[in-house]
Amino acid sequence: MEKKYDLVAVGEVLIDMTETGKTEAGSSVFAANPGGAPANVAVAASKLGAKAAFIGRTGPDPLGEGLREVLEASGVDVSGMSVDKAVPTTIAMVSLDENGERDFTFLRNPGADITLSPEHLPREMIEGAKILHFGSVSLTAEPERSATLAAVEIAKQAGNLISYDPNYRPPLWPDEKTAVAEMKAAVPLCDILKVSDEEMVLLSGSGNLSQGSAALTEMGPFLVLITLGADGVFYRMGASTGHISGRQVTVADTNGAGDTFFGAVLCELAKLPDPEKVTVPELEKILRFANYAASVTTSRSGAIPAMPGRQEVEELLAEAGK
C-alpha cells in the first residue's frame, strides 16, 4: 500500500516534571514539560520535515489535553491518540544531582500510557508508515507491552522498517536482569537500533564500540547507532563502521537530545527510495545532520520546545562548511 507517513511512533507520552531550582525555603521548583521518548522522536522528525504520527494514551485531564496540543502544534498527526477516562496522564519526576545527571521517579501506577492496548491501534496508520518506531519503556507494563508488540507485527506484515530505542529507565523494571532480558528480546524485531554507550554495554556485554556494535548487529538490525553524548555517534552497518563527531555547544539541558538525534536520522532515512540500501557516504551525511539537530536541542532548555526546524539545522551546517 501507499505509505502516507514517513514515521509512526507508538508508546508513551507523558509529562516530565523537571526540577529547575529551589525556593528560598529550600523546596524544589519543577517545570511541566511534554515528554515520552517516542512522542519526542515523532515531534523531532516532524519539525525537520517528516510526515509523522503518534499512537498513545493520555488521561482526561489538562495535562493530557496539553500533550495532544503540543504534538499537533508540532505537525504530528494525533488521530492515533486516545484518552483513558479513568486513569490520569502519566508523570515522570525528573530531579538533577550535583553533576547535572537526571534521576527519574514515575507516577505511573496507574498511568494512562500503560492502558494502550491492541484494540486501540489504528491499523491503517501503522500499515501506512515507512518506519514504525518504538522504545522499551512501553514494554515495561501491560497492556501497553502487548500493544507495542502488536504494532510491530502489523508493521512487519506491511513491509515497513522498524526502529527501536531501548531507553533504559531502572525504576520501571523489577531489576536489571529482567530489564536487560526484555530489552534484548526486542532487538531482533528491529531494522534500526539506537542505544547510548551505557545501553550498549548492558545489551552486548561489551564496552568496546566495535565489538559491542557487532554483537548488536548479529541480533538482527542492519544499522546500529551508538550515541556518545558530546562526542557524537558511532555507527555500524554490516561490516562498515565509523564515528561522526558531535557539534560542541554550551549545554543548557540534555533532555530530548537523543530523541532529536534519532528523529532526525529517521526523517532523513525515510526520504530514501530504499533506506536499507543507504550508502556509507549518505549515512554519514545523515548522521552529521542529526548530530547538529541534537546539538541545538542541548543548547536550549526543555525537550520538545528546544527542538529545531530544518532551516536552522541546514544554516548551521552551511556555516560550518564555509
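Residues numbered from 1 in each chain as written. Predicted model: local features only at pLDDT ≥ 70, side-chain atom pairs only at ≥ 80, totals over all residues. Heavy atoms only, no water.

1. Concerning the overall build of the chain
Secondary structure summary: the chain contains 10 helices and 13 strands in total. Scaling as 2.2 N^0.38, a compact globule of 322 residues should have a C-alpha radius of gyration of about 20 Å, and the chain matches this with 18 Å. C-alpha extents for the chain along the principal axes are approximately 50 × 45 × 40 Å. Buried residues in the chain amount to 55% of all 322 residues. At a minimum sequence separation of 6, the contacts of the chain that also span at least 24 residues come to 69%. When the accessible area of the chain is evaluated, it comes to approximately 13400 Å², of which 50% is carbon and sulfur surface. Of the charged side chains in the chain, 27 are positive and 44 negative, and the gap between their average positions amounts to 5 Å. (Helix = DSSP H or I, 4+ residues; strand = E, 2+ residues; numbered from the N terminus. Rg over C-alpha atoms; globule rule 2.2 N^0.38 Å. Buried < 20%, exposed > 50% of the residue type's maximum accessible area, 1.4 Å probe, protein only. Contact = heavy atoms within 4.5 Å. Areas by Shrake-Rupley, 256 points an atom, 1.4 Å probe, with all protein chains shown as cover. Lys, Arg positive; Asp, Glu negative; His and termini not counted. Charge placed at Lys NZ, Arg CZ, Asp CG, Glu CD.)

2. Let's talk about the packing of aromatic side chains
Scanning the model with the defined rule gives 1 aromatic pair in all. Taking 4.6 Å as the distance between ring centres and 15° as the angle between the ring planes, the aromatic pair formed by Phe 134 and Tyr 164 counts as stacked. Pair noted here: Phe 134 is in strand β8 (residues 129-135) and Tyr 164 is in strand β9 (residues 161-165), with a separation of 30 residues, a long-range link. Take Phe 134: its relative accessible area is 0%, and that puts it in the buried class. (Phe/Tyr/Trp six-rings, centres within 6.5 Å; stacked < 30°, edge-to-face > 60°.)

3. Some words on the environment of Thr 217
Structurally, the position occupied by Thr 217 is in helix α7 (residues 209-217). With residues up to four places along the chain from it excluded, the contact list for Thr 217 reads Val 224 and Arg 236.

4. Focus on the packing of helix α1 (residues 37-47) against helix α8 (residues 257-269)
As a packed pair, α1 and α8 sit with axes 7 Å apart at the nearest point and diverge in direction by 50°. Taken together, the axis directions place α1 and α8 in an arrangement best described as oblique. Crossing handedness for the pair α1 and α8: right-handed. Contact residues: Ala 37, Asn 40, Val 41, Ala 44 and Ala 45 in α1; Asp 259, Thr 260, Phe 262, Gly 263, Leu 266 and Cys 267 in α8. (Axes fitted to C-alpha atoms, helices over the stretch in contact; angles between N-to-C directions. Parallel < 35°, antiparallel > 145°, perpendicular 65-115°, else oblique. Left-handed = near helix turned anticlockwise from the far one by under 90°.)

5. Section: the pattern of salt bridges
Going through the model one piece at a time under the given rule, you end up with 11 salt bridges. Between Lys 271 and Glu 268 there is a salt bridge, with its nearest N and O atoms 3.2 Å apart. Residue Lys 271 is classed as partly exposed on the basis of its relative accessible area, which comes to 48%. The exposure class assigned to Glu 268 is buried, which follows from its relative accessible area of 11%. A salt bridge links Glu 312 to Arg 300; its shortest N-O distance comes to 3.0 Å. Remark: Arg 300 occurs in the loop between α9 (280-298) and α10 (310-320) and Glu 312 occurs in helix α10; sequence separation between them is 12 residues. By relative accessible area, Glu 312 is classed as partly exposed at 30%. Here the residues in one salt-bridge network are Glu 268, Lys 271, Arg 310 and Glu 314, joined through shared partners. (Salt bridge = Lys/Arg side-chain N within 4 Å of Asp/Glu carboxyl O.)

6. A word on the environment of Ser 196
Residue placement: Ser 196 occurs in strand β10 (residues 192-196). The exposure class assigned to Ser 196 is buried, which follows from its relative accessible area of 15%. In this structure the C-alpha to C-alpha distance between Ser 196 and Leu 225, which are 29 residues apart in sequence, comes to 8.3 Å. The contact partners of Ser 196, leaving out residues within four places of it in the chain, are Ile 226 and Thr 227.

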